[in-house]
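For reference, the chains in residue letters:
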2 protein chains.
Amino acid sequence: MSLERNEIMDANNLFYQAFNQGDYSMMDDLWARQHDVCVIHPGWAPLHGRESVMKSWRRILRGVMDHTTIITNAKVYLMQGSAFVLCYEPLPNTVLIATNVFVKEGGIWKMVHHQAGVVYQVVVEPDESAVH
Amino acid sequence: MSLERNEIMDANNLFYQAFNQGDYSMMDDLWARQHDVCVIHPGWAPLHGRESVMKSWRRILRGVMDHTTIITNAKVYLMQGSAFVLCYEPLPNTVLIATNVFVKEGGIWKMVHHQAGVVYQVVVEPDESAVH
């Protein structure tokens, strides 16, 4: 896997690390500041703009304690200066599938969008993800 | 709205036109050929690669007849040479929220990813979308 793909996978893993640790400042740092951002939490209406997005994370992370989501089957899709990652998010009672979109700001991959939704039929493929 | 944003909105509308008309060749033409593509249909596992993606559309479009999904609240998020659109997809019995990712190939916006999932609480905002 190329250096760039590794960097994107690292940014994606950082997102789940912030989530699992309920670490708001890590999450805040990960989200882009030079691009418009948005988020679609499972079942929610989309939230547009950094203020709404971060407010939702603050609320969600407050409820996360000793949560361990170990993502699987992460796959990087590289574009020019932007990228997205697809991965499963196995939760205690359900499995979600996520699209995480990243852009490079100051040489660092930052998140601009996250959509997660319930998946009813998980297909297990050879796992290429660099899950930490 | 800038010319580029209009072009992206047009590409997004083309996607729903192909869907509503059950037009496989229009759909096939819209999806990128120089980038890896993937799709997450509601509740499905992700499909990776053009062959799997187009096979799924062939199957889905076969079932679409006189279907009219008029998207609402489409919003364009522009990156460098790529972009994504968020929009609601009101279906007869449910409302979906979609992320549609596009890249430019030969000067034309092509689709590289589509994720749609059920939204349980639709928030109606002033509609900026150029729905045709």
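Structure's up top.
Each chain carries its own residue numbering, running from 1 in the direction its sequence is written. Both sets of labels track the order of writing: A upward for chains, 1 upward for ligands. Two thresholds apply to this predicted model, a pLDDT of at least 70 for residue-level local features and 80 or more for giving and counting side-chain atom pairs, whereas whole-chain, interface and lining totals are computed over all residues. Side-chain numbers here rest on the full set of heavy atoms in the structure, without hydrogens or water.

Enquirer: What is the right way to look at the sheet that holds strand β6 (residues 108-118) of chain A in this model?
Expert: Within a sheet, each strand pairs with its neighbour through backbone hydrogen bonds, oriented either parallel or antiparallel. Residue and element names in this part refer to chain A. In short, DSSP must find at least two bridges between two strands for them to pair. A run of DSSP states H or I qualifies as a helix once it reaches four residues; a run of E qualifies as a strand once it reaches two. Both are numbered from the N-terminal end. One open sheet accounts for six strands, arranged β2-β1-β6-β5-β4-β3; its pairing is mixed. Whereas interior strands pair on both sides, the edge strands pair on one side only; in this sheet they are β2 (47-48) and β3 (72-78). In this structure, strand β4 (residues 82-90) lies alongside strand β5 (residues 95-105), joined through nine bridges in antiparallel fashion. Along β5, the bridge assignment pairs Pro 90 with Val 95.

Enquirer: Which parts of the structure should I look at to understand the environment of Phe15(A)?
Expert: Residue and element names in this part refer to chain A. As for its placement among the helices and strands, Phe 15 is situated in helix α1 (residues 3-21). For every residue, the accessible area obtained with a 1.4 Å probe (protein chains only) is divided by the maximum for its type, and the residue is called buried under 20%, exposed over 50%, and partly exposed between those limits. Residue classification places Phe 15 among the buried positions, given a relative accessible area of 2%. Considering only alpha carbons, one finds Phe 15 and Leu 30, 15 residues apart in sequence, at a separation of 7.1 Å. In this description, contact between two residues means that some pair of their heavy atoms is separated by no more than 4.5 Å. Leaving out residues up to four positions away in the same chain, Phe 15 has contacts with Met 27, Leu 30, Trp 31, Trp 57, Glu 89, Asn 100, Met 111 and His 114.

Enquirer: Which parts of the structure should I look at to understand the side chain of Ser56(B)?
Expert: Residues and elements named next belong to chain B. Among the structural elements, Ser 56 can be located in helix α3 (residues 50-62). For Ser 56, a relative accessible area of 4% translates into the label buried. The contacts of Ser 56, once residues within four sequence positions are left out, are Val 39, His 41, Trp 44 and Leu 47.

Enquirer: Can you walk me through the relation of the copies chain A and chain B in this structure?
Expert: Between the two copies of this chain, the relationship is a rotation about some axis together with a displacement along it. Of the transformation superimposing chain A on chain B, the axial component is 0.0 Å and the angular component is 180 degrees, with the fit at an RMSD of 0.0 Å. Expressed as an axis order, the relation between the two copies is that of a two-fold axis. Using C-alpha coordinates, one finds that chain A approaches the rotation axis most closely at Gly117(A), a distance of 2.8 Å. Same-surface contact between copies: 97% of interface residues of chain A are shared with the interface of chain B. Least-squares fitting of one copy onto the other uses the C-alpha atoms of those residues that reach a pLDDT of at least 70 in both copies.

Enquirer: Help me understand the pairing of β5(A) in this model?
Expert: All names here are of chain A. Counted residue by residue, β5 has nine buried out of eleven residues, so it is predominantly covered. A loop of four residues connects β4 with β5, the two strands running antiparallel in sequence. Sheet topology note: the β5/β6 ladder contains ten bridges and is antiparallel. By the bridge assignment, Val 103 is partnered in β6 with Lys 110. Connecting the antiparallel pair β5 and β6 is a turn made up of two residues, with Gly 106 showing a positive phi of about 60 degrees.

Enquirer: Looking at this model, I keep getting lost on the interface of chain A and chain B. Mind explaining?
Expert: A common measure of how large an interface is: the accessible area buried when the components associate. Listed per partner, the contact involves 37 residues of chain A and 37 residues of chain B. For any pair of parts, buried area is found by adding up, for both, the accessible area (1.4 Å probe) each one loses once the two are put together. Here chain A and chain B share an interface that buries about 2,600 Å² over both sides, 65% of which is from carbon and sulfur atoms. The largest per-residue losses of area from chain A upon contact with chain B belong to His48(A), Tyr77(A) and Gln115(A), which jointly make up 20% of the total buried on that side. Only one rule defines a salt bridge in this text: a Lys or Arg side-chain nitrogen within 4 Å of an Asp or Glu carboxyl oxygen. Counting every contact that joins chain A to chain B gives zero salt bridges. Whenever a nitrogen or oxygen atom comes within 3.5 Å of another N or O atom, the pair is scored as a polar contact, on the condition that within protein one atom can donate a hydrogen and the other can accept it, and that pairs from neighbouring residues in sequence are kept only if both atoms are in side chains. For the pair chain A and chain B, the number of links is eleven residue pairs in polar contact (both at pLDDT 80 or more). For the side of chain A that touches chain B, the secondary-structure elements that each account for two or more residues are β1 (38-40), β3, β4, β5 and β6 of chain A. Throughout, the ten residues Ala, Val, Leu, Ile, Met, Phe, Trp, Tyr, Cys and Pro are labelled nonpolar, Asp, Glu, Lys and Arg are labelled charged, and all others, Gly among them, are labelled polar. Its residues assigned to classes, the side of chain A that touches chain B shows 22 nonpolar, twelve polar and three charged.

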